[in-house]
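Coordinate analysis (summary)
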Amino acid sequence: MKDNEVLVKVEGLSKKFCKDLKTSLWYGLKDLVSNIKGNKGERKLRSKEFWAVKDISFELRRGECLGLIGHNGAGKSTLLKILNGLINPDAGKVIMKGRVGALIELGAGFNPILSGRENIYNNGAVLGFTRKEIDDKVEDIIDFAEIREFIDMPVQNYSSGMKVRLGFAVAAQMEPDVLIIDEVLAVGDVRFKTKCFNAIEELTKKCAVIIVSHSMPQIARICTELILMNKGEIEVYEKQNLGPAIEGYYGIVGNNKTAEIGSGVVKIENILINRQSGKTFETNYNEPLSVIVQLSGNANIERVSIRLTFFDVEEKPVAQISSKNDQFDILSSDNFEVKIDLEHFFLNIGTYNLHLAVHEINDLNKEGEVLHIIRSVARIEVKGNSYYAHAPCLMKAEWSQ
Ligand SMILES: Nc1ncnc2c1ncn2[C@@H]1O[C@H](COP(=O)(O)OP(=O)(O)OP(=O)(O)O)[C@@H](O)[C@H]1O
């Protein structure tokens, strides 16, 4: 087969479902009769029906890895099931070339009463391998799955993680031309998941991969292109710069609700970013950033610390600025203001939530009582020309040779 030939071609794929079972069965019966009469499938929605997948088209070549992302219920799994032939579309077509390896539903494709080893032989036979060819692969599959101890036990007694291990090992080791992987990988432990992502990266050189995941760092690492799905439709299809699709995903699933805790004895009254107040701020990567925190104090508290923590949209802390760490003493009074200036803002292009924390500094010069913490006090959107999705922070260095 040619190096970068198109292995998957999807044109105008649509699938509708019905929200209620009774109506769905009734429509199914009506469609059956109408099909027998030779009428084409109904493309319009009837009462209680909705498009789970609507008008999806794309092409994928050997060497490409397509990430499907989107909110729960966006239609990703339905699309994968159509691609793998598990369900029929209502409209559109799929052309798939070569051997297809798929890991779609936990335990799907395995016969529960057969052992892991017997299932490997079954799957291999379905994919067109001879017994001898499977003999040559079986040890590698068992090694990859790391379940040698349990390989002769019926699959129905496997844990979810063991099923994923076996499923991925079979899909990946059977020399697929097209590899389809759904979110099931999330069930595996962190080490095995990383091993799978590394294997997918290797496999992409030889095949076309379609993967569904909610883990943006992993998606950004292995995918060459992304489709952001929203309510069954393509919202963003990016091939060069994956940033807009990832940002779009966070825009749909992100949560930036403000929450407050603390005694409030010293209280954050207002915050200005680049001299402006509000909730959402825009800045450019590498530009200066100024934060002014306005507070109201109390005579009982003399000194406080202020901590600014930037969280990414997955709620992971990615950067922190702390008056304590910078050994800056903040003296509290009735109403006071603290100015924090950053010469360069090094966070990568993306959206961040700023959490602000004010603690009392006690006699031992340690952070004591929580005075006021505001989670997601501001949302900062960092703009820029290029997007490097691997790391949240893009530092600048002095280079020499
Ligand atoms: N067999 C079915 N009958 C009726 N509705 C269905 C069926 N399968 C899926 N759906 C509906 O289709 C929509 C798309 O579901 P799908 O599982 O494809 O979403 P998804 O993007 O994979 O979500 P998740 O991220 O939660 O896995 C959902 O509203 C779901 O309830």
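All figures in this text were calculated on a predicted structure; none of them were measured in a lab.

1. Quick look at the domain arrangement of the chain
Partitioning the chain into structural domains gives domain 1 (6–253) and domain 2 (259–383). Taking only C-alpha atoms, the centre of domain 1 and the centre of domain 2 are 44 Å apart. Taken together, the six residues of domain 1 in the interface contact five residues of domain 2. Taking both partners together, domain 1 and domain 2 bury about 390 Å²; carbon and sulfur atoms supply 52% of that area.

2. Remarks on the sheet that holds strand β5 (residues 100–103)
The pairing of strands in a sheet happens through backbone hydrogen bonds and is either parallel or antiparallel. Spatially, the six strands line up as an open sheet ordered β5-β6-β7-β3-β8-β9, and their pairing is mixed. On the outer flanks of this sheet lie β5 and β9 (233–238), each paired with one strand and no other. Direction aside, the axes of adjacent strands within the sheet are offset by 15° on average. Where strand β3 (residues 65–70) meets strand β8 (residues 225–230), five bridges bridge the pair, whose relative direction is parallel. Residue Leu66 lies in a different strand from β8, and its bridge partner there is Glu225. Across the sheet, helix α5 (residues 160–173) lies against β5 and β6 (178–181), angled at about 165° from β5, the strand it touches most. Against the sheet, helix α6 (residues 190–204) contacts β3, β6 and β7 (208–212), and its axis sits at roughly 150° relative to β7.

3. Brief notes about the packing of α5 against α6
Two packed helices can be described by the angle between their axes and the distance between those axes. One way to put it is that α5 packs onto α6 with a least axis distance of 11 Å and a crossing angle of 10°. Comparing their axes, α6 and α5 come out roughly parallel. In contact with Val164, Arg165, Phe168 and Ala172 of α5, α6 contributes Arg191, Phe192, Cys196, Ala199, Ile200 and Leu203. The residue makeup of the contact of α5 with α6, split by class, is eight nonpolar, no polar and two charged.

4. Some thoughts on the pattern of salt bridges
Once their charged atoms are close, side chains differing in charge can pair, the charge on each being opposite to the other. Evaluation of the coordinates by the stated rule reveals 27 salt bridges. Where Lys132 meets Asp136, a salt bridge forms, and the shortest distance between an N and an O atom there is 3.1 Å. A residue pair is termed a helical-turn pair when its members lie 3 or 4 positions apart in one helix, as Lys132 and Asp136 do in helix α4 (residues 131–145) at four residues. The residues Lys132 and Asp136 share a single accessibility class, namely exposed. It is possible to trace a salt-bridge network through shared partners that takes in Lys9, Glu11, Glu59, Arg61 and Lys93.

5. Re helix α3 (residues 116–126)
One turn of the α-helix equals 3.6 residues, which is why residues spaced by three or four share an orientation. Buried within α3 we find Gly116, Asn119, Ile120, Tyr121, Asn123 and Gly124. Turning to α3, the residues buried within the fold contact α4 and α5. Gly128, located one to two residues past α3, shows a positive phi value of around 95°.

6. A short note on the nonpolar core
Ile120, Leu166, Phe168, Leu185 and Ile211 are the most contacted members of the largest nonpolar core, which totals 53 residues. The greatest single-element share of this core, amounting to eight residues, is contributed by α5. Filtering out sequence-adjacent residues up to four positions away, Leu166 remains in contact with Phe110, Gly116, Ile120, Ala145, Ile147, Ile151, Val155 and Tyr158. Of all hydrophobic cores here, the second largest spans 32 residues; its members include Leu295, Phe345, Tyr352 and Val358.

7. A closer look at the site of the ligand
Neighbouring residues of the ligand: 13 residues in total, closest Gly73, Gly75, Lys76, Ser77 and Thr78. Measuring from an oxygen atom of the ligand, one finds a backbone N or O atom of Gly75 at 2.9 Å. Within the side chain of Thr78, an N or O atom sits 2.5 Å from an oxygen atom of the ligand. About the coverage of the ligand: the protein hides 59% of its 640 Å² of free accessible area.

8. Quick look at the sheet that holds strand β13 (residues 289–296)
If you trace the three strands from one edge of the open sheet to the other, you get β11-β13-β17, paired in antiparallel fashion. Each of the sheet's edge strands pairs with one partner strand only, and the pair in question is β11 (267–273) and β17 (335–342). Adjacent strand axes in the sheet meet at a mean angle of 20° when their direction is disregarded. Bridge count for β11 against β13 is six bridges, and the pairing is antiparallel. Bridge pairing in β13 places Ile273 opposite Val291.

9. Structural notes on helix α1 (residues 21–36)
Between its first and last C-alpha, α1 extends 23 Å over 16 residues, near the 22 Å set by a 1.5 Å rise per residue. N-cap assignment for α1: the residue whose side-chain oxygen lies 2.9 Å from the backbone N of Lys22 is Asp20.

10. Structural notes on the side chain of His355
With respect to the helices and strands, the residue His355 is situated in strand β18 (residues 350–361). The class of His355 is buried, set by a relative accessible area of 10%.

Criteria and thresholds
- Residues numbered from 1 in each chain as written.
- Predicted model: local features only at pLDDT ≥ 70, side-chain atom pairs only at ≥ 80, totals over all residues.
- Heavy atoms only, no water.
- Domains from an automatic or database assignment.
- Contact = heavy atoms within 4.5 Å.
- Buried area = accessible area lost by both parts, 1.4 Å probe.
- Pairing = 2+ DSSP bridges.
- Helix = DSSP H or I, 4+ residues; strand = E, 2+ residues; numbered from the N terminus.
- Axes fitted to C-alpha atoms, helices over the stretch in contact; angles between N-to-C directions.
- Parallel < 35°, antiparallel > 145°, perpendicular 65-115°, else oblique.
- Nonpolar A, V, L, I, M, F, W, Y, C, P; charged D, E, K, R; others polar.
- Salt bridge = Lys/Arg side-chain N within 4 Å of Asp/Glu carboxyl O.
- Buried < 20%, exposed > 50% of the residue type's maximum accessible area, 1.4 Å probe, protein only.
- Core = buried A, V, L, I, M, F, W, Y, C linked by side-chain atoms within 4.5 Å.
- Near = heavy atom within 4 Å.
- Polar contact = N/O pair within 3.5 Å; in protein donor to acceptor, adjacent residues only side chain to side chain.
- Areas by Shrake-Rupley, 256 points an atom, 1.4 Å probe, with all protein chains shown as cover.
- Expected span 1.5 Å × (residues − 1).

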